[in-house]
Amino acid sequence: MSQHFTSKSLHQNRFLDYELIDFGHHRKLERFGKIIIDRPEINATNSPHNNPELWKSAHWKFEEINPKQGKWKQLRESPNEWTMILRVGNPMKLELNLTQFKHIGVFPEQSENWAYIQSKLKKNASSKSFLNLFAYTGAASVVAAHSSAKVTNVDSVKRITEWAKRNASINKLDNIRWIVEDARKFVTKCERRGERFNGIILDPPIYGLGTKKEHWKLERDLMGLLKSVSKVLHQKEGFIVLNTYSPKVDLAQLSAMVSSIDNMPKLIERYNLGLLSNKRHFLPLGQLIRACRP
Ligand SMILES: C[S@@+](CC[C@H](N)C(=O)[O-])C[C@H]1O[C@@H](n2cnc3c(N)ncnc32)[C@H](O)[C@@H]1O
């Protein structure tokens, strides 16, 4: 089968109780469940705020002290920890809270991937295994586990993995194996042990650290990790979802990497991942590759 490429924007906010209310001037205004937050967004350049009134609705505003640090300012009565509903199939819940890095525990643009994962695992899910690398608060793990697949959740940060465990627990899921380890080391171990997965999602950061301070650098290390990933992917019906947020590695480069690896699935879709605001303006956020066997 020859390689097949599609390239389009993926931005439908269908699966979360979420709205991108407005964005511009390097900020975005979003509603997560009942709470509205105003926070910095480097990509928010192409849609100036055209209704300043909207921005007064924010409960919390993140003010940067420097590019690495900042603090949340409360503007209206509201909790700093809450849950939101995620609707991929049956409703699920995610715990959210305000972290010092301006994130709150969910990347809403990922919700399209969760629906894709669910659709891929749907048939005979309980006999399937799914690997979530760089898993953060485990939203993709929760969705896959909800489909009854056997899930492995890997992240190098213990505190983040505790958060992911709480997300599993509020959804009464116990079919997730929790691994706090460097993602590359874990995949290498799986390769040695002959462990195979039906689906793998990887959402690597630009820079990261493993549990033993192993340095992760996207541009340098992605190709090696993808080669290892291809070896632990089920040969018959495996799929991968690869998501990056680096302006230095574009979609064409990502799909060239994936398609150059022998064992990788050859049906490749590529997308500009982003969110659509209530005014139907597109906020680009990252690059997304999905590859499955025909
Ligand atoms: C961009 S977040 C992933 C977001 C996630 N896909 C989601 O949608 O919820 C990157 C995650 O990678 C983790 N991480 C960074 N370096 C790592 C490494 N070397 N091995 C494993 N996890 C790592 C971080 O702790 C962080 O949780």
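Everything quoted here is computed from the prediction, not taken from an experiment. (Residues numbered from 1 in each chain as written. Predicted model: local features only at pLDDT ≥ 70, side-chain atom pairs only at ≥ 80, totals over all residues.)

**So, the nonpolar core**
Taken as a class, soluble globular proteins show a tendency for nonpolar side chains to be buried jointly.
Turning to step 1, where the next piece is worked out: Counting residues in hydrophobic clusters, the biggest one holds 73 residues, and the most contacted among them are I117, A144, I200 and V229.
Turning to step 2, where the next piece is worked out: No other element matches the 6 residues that helix α3 (residues 139-146) contributes to this core. (Core = buried A, V, L, I, M, F, W, Y, C linked by C-beta atoms within 7 Å. Buried ≥ 20, exposed ≤ 12 C-beta atoms within 10 Å, placed from the backbone. Helix = DSSP H or I, 4+ residues; strand = E, 2+ residues; numbered from the N terminus.)

**Here we look at the sheet that holds strand β2 (residues 18-24)**
Turning to step 1, where the next piece is worked out: Ordered by their spatial adjacency, 5 strands build an open sheet running β2-β3-β4-β5-β6, and the pairing between neighbours is mixed. Bordering the open sheet on either side are β2 and β6 (69-74), each of which pairs with just one other strand. Across the sheet, the mean angle from the axis of one strand to that of its neighbour is 20°, orientation sign disregarded.
Turning to step 2, where the next piece is worked out: The sheet contact formed by β2 and strand β3 (residues 27-32) spans 6 bridges and is antiparallel. Its bridge partner lying in β3, G24 is registered against R27. (Pairing = 2+ DSSP bridges. Axes fitted to C-alpha atoms, helices over the stretch in contact; angles between N-to-C directions.)

**Structural notes on the site of the ligand**
Turning to step 1, where the next piece is worked out: Lining the immediate surroundings of the ligand are 20 residues, of which F134, Y136, S156, D203 and G208 lie closest.
Turning to step 2, where the next piece is worked out: Mapped onto the shell around the ligand, the elements with two or more residues apiece are β10 (150-155) and β13 (207-209).
Turning to step 3, where the next piece is worked out: The residue makeup of the shell around the ligand, split by class, is 11 nonpolar, 5 polar and 4 charged. (Near = placed C-beta within 6 Å. Nonpolar A, V, L, I, M, F, W, Y, C, P; charged D, E, K, R; others polar.)

**Concerning the confidence of the model for the protein chain**
Turning to step 1, where the next piece is worked out: Per-chain confidence: the protein chain averages 92 in pLDDT, with 95% of residues scoring 70 or above.
Turning to step 2, where the next piece is worked out: Confidence over residues 1-7 falls short of pLDDT 50; this stretch has 15 contacts with residues more than four positions distant or in other chains. (pLDDT = per-residue confidence, 0-100. Contact = placed C-beta atoms within 7 Å.)

**Quick notes on the pairing of strand β17 (residues 282-292)**
Turning to step 1, where the next piece is worked out: Summarising burial for β17: 8 of the 11 residues are buried, a large majority.
Turning to step 2, where the next piece is worked out: Inspection of the sheet shows strand β15 (residues 239-244) paired to β17 by 6 bridges, in the antiparallel sense. Across the sheet, the residue bridging to N243 is L288, located in β17.
Turning to step 3, where the next piece is worked out: Relative to β17, strand β16 (residues 267-276) runs antiparallel, the two being bridged by 10 bridges. Each bridged residue has a counterpart across the sheet, and for R270 the counterpart in β17 is I289.
Turning to step 4, where the next piece is worked out: Counted along the chain from β16 to the antiparallel partner β17, the turn is 5 residues long, and its residue R280 has a positive phi close to 65°.

**Focus on unusual backbone geometry**
Turning to step 1, where the next piece is worked out: Here the phi dihedral of K213 falls at roughly 65°; this positive angle occurs in a residue that is not glycine.
Turning to step 2, where the next piece is worked out: The exposed category is assigned to K213, around which 8 C-beta atoms lie within 10 Å.

**As for the packing of helix α2 (residues 111-121) against α3**
In a pair of packed helices, the angle between the axes and the distance between the axes together describe the arrangement.
Turning to step 1, where the next piece is worked out: It is at 9 Å that the axes of α2 and α3 come closest, and there the two elements cross at 30°. Between α2 and α3, the angle is such that the two are roughly parallel. Our pair here, α2 against α3, has a crossing hand that is right-handed. Between α2 and α3, the residues in contact are N113, W114, I117, Q118 and L121 and A139, A140, V143 and A144, respectively. (Parallel < 35°, antiparallel > 145°, perpendicular 65-115°, else oblique. Left-handed = near helix turned anticlockwise from the far one by under 90°.)

**Notes on helix α5 (residues 183-193)**
Turning to step 1, where the next piece is worked out: For α5, the full list of buried residues reads A183, F186 and V187. Angular distribution of buried residues about the axis of α5 spans 95°; they occupy a single face of the element.
Turning to step 2, where the next piece is worked out: Packing partners of the buried residues in α5 comprise β9 (129-133), β10, β11 (176-180) and α6 (218-231).
Turning to step 3, where the next piece is worked out: Positive phi appears at G194, one or two residues downstream of α5, with a value of about 75°. (Arc of directions from axis to C-beta.)

**Considerations on α3**
Turning to step 1, where the next piece is worked out: With 8 of its 8 residues buried, α3 lies for the most part within the structure.
Turning to step 2, where the next piece is worked out: Residues of α3 that are buried: A139, A140, S141, V142, V143, A144, A145 and H146.

**With respect to the pairing of β10**
Two faces belong to every sheet, and in a regular strand the side chains alternate between them.
Turning to step 1, where the next piece is worked out: When you tally the buried positions in β10, you get 5 out of 6 residues, the bulk of the element.
Turning to step 2, where the next piece is worked out: Of the pairings in the sheet, the one linking β9 to β10 comprises 5 bridges and is parallel in character. Residue S129 lies in a different strand from β10, and its bridge partner there is K150.

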